[in-house]
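# Observations on the model geometry
Read off the chains here:
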Amino acid sequence: MKDKYSIILRPHITEKSTFLRESNKYSFVVSRDATKKDIRRAAEELFDLKGNILNVHTMQVQGKIKGRMNRYQRGRRPHWKKAIITVEEGIRISIFENI
């Protein structure tokens, strides 16, 4: 297994992910080659969630095409992977509490 800090890169905080927290779902940006098992293990170690994770959903997010770099080229933001972790009722992840 890779290092837990290279699997879960940062929390993904948007308006939609804020509403998901009400149903005990937390969103993270993860490494593109991380598997669901890797993400589960890393979250359990980082946030002390041993046995409290119910589900891990992952999705590949395509990078957006952004304006023109010059007359003929268009730029693109990089592709990335998102994971939504569902935890048991009453369990909180402290990194999201101050947001």
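Here goes a summary of the coordinates provided. (Residues numbered from 1 in each chain as written. Predicted model: local features only at pLDDT ≥ 70, side-chain atom pairs only at ≥ 80, totals over all residues. Heavy atoms only, no water.)

### Looking at the overall build of the protein
Put simply, the rule is: Helix numbering and strand numbering both begin at the N terminus, where a helix is a DSSP run of H or I of at least 4 residues and a strand a DSSP run of E of at least 2. Here the term buried applies to any residue with accessible area under 20% of the maximum for its type, exposed to any over 50%, and partly exposed to those in between, with areas from a 1.4 Å probe on protein chains only. Here a residue-residue contact requires only that any non-hydrogen atoms of the pair lie within 4.5 Å. As used throughout, the charge tally considers Lys and Arg to be positive and Asp and Glu to be negative, leaving His and the chain termini uncounted. Charge coordinates come from a single atom per side chain, which is NZ of Lys, CZ of Arg, CG of Asp or CD of Glu.
Assigned secondary structure in the protein consists of three helices and six strands. Projected onto its principal axes, the C-alpha coordinates of the protein cover approximately 55 × 30 × 20 Å. Across the 99 residues that make up the protein, the buried fraction comes to 34%. Nonlocal contacts in the protein, meaning residues at least 24 apart in sequence, comprise 63% of its contacts between residues at least 6 apart. Counting 22 positive and 11 negative side-chain charges, the protein places the centres of these two groups 14 Å from one another.

### Some remarks on the side chain of Lys-82
Examined against the element boundaries, Lys-82 turns out to sit in strand E6 (residues 80-87). Aside from chain neighbours lying at most four places away, what touches Lys-82 is His-12, Ser-27, Phe-28, Val-30, His-57, Thr-58, Met-59 and Val-61.

### Details of the sheet that holds strand E1 (residues 8-11)
Short version of the rule: At least two bridges found by DSSP between two strands is the condition for calling them paired. Under this scheme, a helix contributes an axis fitted over its contacting stretch, all axes are lines through C-alpha atoms, and angles between N-to-C directions fall in the 0 to 180 degree range.
Strand order in the open sheet made by the four strands is E1-E2-E6-E3, with antiparallel pairing throughout. Across the chains shown, the open sheet's two edge strands, defined by having one partner strand only, are E1 and strand E3 (53-61). Across the sheet, the mean angle separating the axes of adjacent strands is 30 degrees when strand polarity is ignored. Two strands pair when backbone bridges link them, and E1 and strand E2 (residues 25-30) are joined in this way by three bridges, in the antiparallel orientation. In the strand pairing of E2, Pro-11 is matched with Phe-28. Each of E1, E2, E3 and E6 touches helix H3 (residues 36-47); the most contacted strand, E3, lies at about 120 degrees to it.

Everything listed here is a matter of geometry and, on its own, says nothing about what the molecule does.
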